[in-house]
Amino acid sequence: MPLDPQPADSLHYDYALVGGGLQNALIALAIRHHQPQASILLVEQQATLGGNHTWCFHFSDVAPAVMAWLRPLVAHQWPGYEVRFADFTRRLPLGYGAMTSAQLAEVVTKTVLCGPGAVLLNTEVSQVAAHQVVLADGRTLHARLVVDARGAQPEAYAGRAGWQKFVGLEVQTVVAHGLVEPILMDAQLPQMDGFRFMYVLPLDAHRLLVEDTRFADGADLDVAALRAEVLAYAQHAGWQVAAVLRQEVGVLPMPWKTSENQSNHGVLVAGMQGGWFHPATGYSLAVAARLAQWLGSVPPDQALGEGLRDLEQSHGRQRHFAHAINWALFHLAAPPQRVGMMARFFRRPEAIIARFFALDLQLLDIARIVLGPPPRGMRWWPRSLALEVTP
Ligand SMILES: Cc1cc2nc3c(=O)[nH]c(=O)nc-3n(C[C@H](O)[C@H](O)[C@H](O)COP(=O)(O)OP(=O)(O)OC[C@H]3O[C@@H](n4cnc5c(N)ncnc54)[C@H](O)[C@@H]3O)c2cc1C
């Protein structure tokens, strides 16, 4: 399929989306859904859209109207999942879905090109400004709205974030593994590097994604060591690995303080770069989909107006809640005590857990997540003393 069906001299678009990662992929789908005739330019420096990820989300993270355009990205889905801690196991009947980079690249490319538009791969953008994008090769393209979603700058979070870091292996098992639903957290493991758990997705009868994950103070990651831990876990679970099909690695900031969204200079700064992610999970999908849904439904010339400010304000409030949770998890709780805090969280009512993942929290939720109902829960001591957590 040609990636640019427009005439080669076409330099003017309704939307120029800079960065072909998760955020702009969602924005492109939302625009095409709401404004089928809008012209879209999507520019990515890599050879493919979407990098190398498996993106998971709860179906309750997104409004039904979002599912209308998000659904084609969903590669796997399950009606619920399990969490395992030292003294309890719980199944949560919360619908859970996974998207793959490969499917995202295919769906988004087709969707952009089924209307007026272009997808430029292997194309680095050197500069963005209101209404224009300058490519590294010197070309200048014009748009009514420029959206800059060039991804995370982890160094921006130094000193004000904990880290969710993981190594995941997609493995083929020799015989059917027998797992029918994900294990969102298996923390029945020796704790190390903060809170540590395995995350397991059954992708088909013989295929699993298994990730060793840490909620740690530092961003350093020993990929070989975590890879070995994943393989040892699979073996211990009785899943004989025939082949490792793919590896994915993540180091995601979980900040307790963040800079403001930057919808300035006439450019909409979106995605991780603009702070449009969930600070307390390090995940993006719920928040990125919310921004995409809104952006897709307004004409490009109105995108930087009052509606965006309202959205920024409501996201800003939710971010403060999430920052409070991260502060408790990383700043107040000593690393070995994080597992107790997480176990307490997963004993909460399903509705609170769902609102937490959706970043749609209420003030009372924060108290119930961070403090817990007395007399159990977290007791706050002066920082010099250990924090006591009673699950
Ligand atoms: C392995 C892994 C698994 C994850 N799992 C989940 C999950 O399950 N659920 C979830 O919600 N989140 C998950 N996340 C987090 C999520 O992937 C990120 O938060 C999300 O991708 C951020 O979206 P973004 O569009 O802002 O940035 P990105 O997706 O990083 O996209 C930015 C894009 O911009 C491109 N780019 C950068 N500079 C330029 C330039 N100068 N010119 C052109 N292009 C440029 C990059 O190549 C990249 O493709 C995961 C992250 C990782 C690493």
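Each value, and the rule that gives it
- Residues numbered from 1 in each chain as written.
- Predicted model: local features only at pLDDT ≥ 70, side-chain atom pairs only at ≥ 80, totals over all residues.
- Pairing = 2+ DSSP bridges.
- Helix = DSSP H or I, 4+ residues; strand = E, 2+ residues; numbered from the N terminus.
- Near = placed C-beta within 6 Å.
- Nonpolar A, V, L, I, M, F, W, Y, C, P; charged D, E, K, R; others polar.
- Domains from an automatic or database assignment.
- Buried ≥ 20, exposed ≤ 12 C-beta atoms within 10 Å, placed from the backbone.
- Contact = placed C-beta atoms within 7 Å.
- Axes fitted to C-alpha atoms, helices over the stretch in contact; angles between N-to-C directions.
- Parallel < 35°, antiparallel > 145°, perpendicular 65-115°, else oblique.

**Here's the deal with the pairing of strand β11 (residues 140–148)**
And then number 1: Bridge count for strand β1 (residues 12–18) against β11 is six bridges, and the pairing is parallel. Across the sheet, the residue bridging to A16 is V146, located in β11.
And then number 2: Pairing analysis gives three bridges linking strand β10 (residues 132–135) to β11, with the strands arranged antiparallel. The residue of β11 that forms the bridge with Q132 is H142.

**So, the site of the ligand**
And then number 1: Around the ligand sit 33 residues, and of these G19, G21, G151, G271 and Y283 come closest.
And then number 2: Sorting the residues of the shell around the ligand by element identifies α1 (22–34), β3 (54–58) and β16 (241–255) as the ones contributing at least two each.
And then number 3: For the shell around the ligand, the element with the highest residue contribution is β16, accounting for four residues.
And then number 4: Of the residues belonging to the shell around the ligand, the class tally is 15 nonpolar, 14 polar and four charged.
And then number 5: Residue-level mapping places the shell around the ligand at the junction of two domains, with at least three residues from each of domain 1 (12–76 + 97–155 + 258–315) and domain 2 (161–255).

**Examining the environment of G275**
And then number 1: With respect to the secondary-structure elements, G275 resides in the loop between β17 (267–269) and α5 (285–296).
And then number 2: Its 21 C-beta neighbours within 10 Å are what place G275 among the buried residues.
And then number 3: For the pair G275 and A152, spaced 123 residues apart in sequence, the C-alpha to C-alpha distance is 9.0 Å.

**Describing the domain arrangement of the protein chain**
And then number 1: The domain architecture assigned to the protein chain consists of domain 1 (12–76 + 97–155 + 258–315), domain 2 (161–255) and domain 3 (331–390).
And then number 2: If you look at the interface, domain 2 gives six residues, while domain 3 gives five residues.
And then number 3: Here the residues of the side of domain 2 that touches domain 3 are counted per class, giving three nonpolar, two polar and one charged.

**Remarks on the sheet that holds strand β15 (residues 207–216)**
And then number 1: Read from one edge of the open sheet, seven strands run β6-β5-β13-β14-β15-β12-β16, paired in mixed fashion. Whereas interior strands pair on both sides, the edge strands pair on one side only; in this sheet they are β6 (88–92) and β16. For this sheet, the mean angle separating the axes of adjacent strands, direction not counted, is 15 degrees.
And then number 2: Here strand β12 (residues 161–173) pairs with β15 via 10 bridges, running antiparallel. Residue pairing for β15: Q172 is matched across the bridge by R207.
And then number 3: Its contacts with the sheet place helix α6 (residues 306–332) against β12, β15 and β16, and it is angled at close to 105 degrees to β16.

**Here we look at the packing of helix α8 (residues 350–358) against helix α9 (residues 363–371)**
And then number 1: Contact geometry for α8 and α9: axes closest at 11 Å, N-to-C directions at 105 degrees. The pairing of α8 with α9 is recorded here as roughly perpendicular in orientation. On α9, the residues touching I352, R355 and F356 of α8 are D365, R368 and I369.
And then number 2: By residue class, the composition of the contact of α8 with α9 is three nonpolar, no polar and three charged.

**Here we look at unusual backbone geometry**
And then number 1: Although it is not a glycine, N122 sits at a positive phi angle of roughly 50 degrees.
And then number 2: Tracing the sequence through the fold places N122 in the loop between β8 (117–120) and β9 (125–129).

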